[in-house]
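Reading the structure
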Amino acid sequence: MNSGVSTLCRNVGRFGGARYRLLAKRHLGNFETPRFIRSYAVPPTSPNNTSPLGADNTVENNLQTETNRLDKTGTKFWKDVSLNESIEPGKTHIQLDSKSIRTPMGNSLAVSKSNQFLACLLRKEWANLPDLSVKPYSLPLTSLVSRCIDLEVSNAVNAAPDLVVKIGGDRHTINKDLLRYLDTDTLLVFSPRDEFEGALREEQDTLYLPIIKAVEQFLTDNFSKKTVHLKILDADVHGIASNMQSADCVESATKYLNSLSPWNLALFEKTVLTTKSFICGILLIENKTNPVHQKNLTYSLDEIERAATLEIIYQTDRWGEVEDTHDVNKHDIKRNLAAVAVAAYKKTNP
């Protein structure tokens, strides 16, 4: 066996990821590889044409906004960060040196006065940036809220058509991209029972099955005239075959997406892209925006994160973490989901 194949075989065992398993099957023929291949839907390279800082990378946009400037220079160019409630009725503006921060599309970075918690965290995010160099991941909340604001503006009545193009498409386009994750949802793919001495599959059954049942009931009760059934991909039964949800299931999921405000749609999008799971998107959004009415969907942020990364947790526990890969991804997932939770949170009366 040549060195390239040997390396490939070691990676199959060590990382257990879909990429190495698929490569092994293609290049090694009858070589015995793990039977389970997870085939995630391939996301758009950049669903909203933005950088991690939320800056717009489209050719058409040359707006000299604060977010675009920071993305290009990576250096701090302000002294003071403040909140201003007198500029716009019902809104709190986040300002740099008494000038309102603008999103990549030129809209003011402003949130509802009723959500002072979010406004304070946005201010804190900018105030705590280092003086010398700003990393791309330093403003996760600003990037997310900017996406929410820009999506709201682009979906407003009589919005300019070019805004829809710059934001990454209309709701139909965004919905279509998100629905691709439903067929190969992280929580709908089950490992073989002989992997990890059955421990992984046992926890998947314990954790995933109640969630799947609750989401099926949620979609049935609120968005379908028929009983919704989510089709799972069981490695012991289906092998490496692809998975496809029924038309009724897709229809109910589409109705759910259409029920979301542009703000919540942006949050849902971020959750799905982070977890590769449509179901995790439902869990997080419903827990933070409508917790009283969706008691069967009550899951903590830590539980949602574990569900989305369960297979990776077992892999790294056994084979160890790849430096600057698994550890970075783990913190990135935590950061993104926490940002969504903060932006989605709505105070409810006891």
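Definitions and cut-offs
Residues numbered from 1 in each chain as written. Predicted model: local features only at pLDDT ≥ 70, side-chain atom pairs only at ≥ 80, totals over all residues. Heavy atoms only, no water. Helix = DSSP H or I, 4+ residues; strand = E, 2+ residues; numbered from the N terminus. Contact = heavy atoms within 4.5 Å. Areas by Shrake-Rupley, 256 points an atom, 1.4 Å probe, with all protein chains shown as cover. pLDDT = per-residue confidence, 0-100. Axes fitted to C-alpha atoms, helices over the stretch in contact; angles between N-to-C directions. Parallel < 35°, antiparallel > 145°, perpendicular 65-115°, else oblique. Nonpolar A, V, L, I, M, F, W, Y, C, P; charged D, E, K, R; others polar. Buried < 20%, exposed > 50% of the residue type's maximum accessible area, 1.4 Å probe, protein only. Expected span 1.5 Å × (residues − 1). Bend = angle between axes of the 7 residues up to and from the residue. Core = buried A, V, L, I, M, F, W, Y, C linked by side-chain atoms within 4.5 Å. Domains from an automatic or database assignment. Phe/Tyr/Trp six-rings, centres within 6.5 Å; stacked < 30°, edge-to-face > 60°.

1. Structural notes on the overall build of the chain
Broken down by element type, the chain carries 14 helices and 6 strands. Long-range contacts, defined as pairs at least 24 residues apart, comprise 63% of the intrachain contacts of the chain with a sequence gap of at least 6. Accessible surface, the chain as shown: approximately 17700 Å² in total, 52% of it carbon and sulfur.

2. Observations regarding the confidence of the model for the chain
Per-chain confidence: the chain averages 80 in pLDDT, with 78% of residues scoring 70 or above. Low pLDDT (under 50) marks residues 1–60, which in the prediction has 115 contacts with non-local residues, meaning those over four places away or in another chain.

3. Points about the packing of helix α8 (residues 199–223) against helix α12 (residues 278–289)
At a closest axis distance of 11 Å, the pairing of α8 and α12 adopts a crossing angle of 70°. Judged by the angle between their axes, α8 and α12 are roughly perpendicular. Contacts from I211, I212, V215, F218 and L219 of α8 reach α12 at I279, I282, L283 and E286. By residue class, the composition of the contact of α8 with α12 is 8 nonpolar, no polar and 1 charged.

4. A word on unusual backbone geometry
Look at E197: it is not a glycine, yet its phi comes out positive at around 55°. Relative to the elements of secondary structure, E197 occurs in the loop between β5 (189–190) and α8. For E197, a relative accessible area of 64% translates into the label exposed. A positive phi angle, near 55°, is found at K276, a position not held by glycine. Its place among the elements puts K276 in the loop between α11 (262–275) and α12. Here K276 falls in the partly exposed class, since its relative accessible area comes to 24%.

5. A closer look at helix α13 (residues 301–319)
Under the 1.5 Å per step criterion, the end-to-end length of α13 is 26 Å for 19 residues, consistent within 8% with the ideal 27 Å. A bend of about 70° at T309 is the largest found in α13. Every buried residue of α13 is listed here: I304, E305, A307, A308, T309, L310, E311, Y314, Q315 and T316.

6. Focus: the environment of A266
Following the sequence through the fold, A266 ends up in helix α11. Separated by 74 residues in the primary sequence, A266 and V340 have C-alpha atoms spaced 9.2 Å apart.

7. Brief notes about the nonpolar core
With 77 residues, the main nonpolar core has W126, Y256 and F268 as its most contacted residues. Shared between two domains, this core takes at least three residues from each, and those domains are domain 1 (66–155) and domain 2 (170–344). If sequence neighbours within four positions are ignored, W126 has contacts with T67, L70, W78, V81, L96, I101, L109, L139 and T142.

8. Concerning the packing of aromatic side chains
What the rule picks out here adds up to 9 aromatic pairs. Arranged with centres 4.9 Å apart and planes meeting at 80°, the rings of F77 and W78 form a pair that is edge-to-face. We classify F77 as partly exposed; its relative accessible area is 24%. Judged by relative accessible area, which is 6%, W78 ranks as buried. Each residue in the set F218, F223, Y256, F268 and F278 is aromatic and connected to the rest through ring pairs, giving one cluster.

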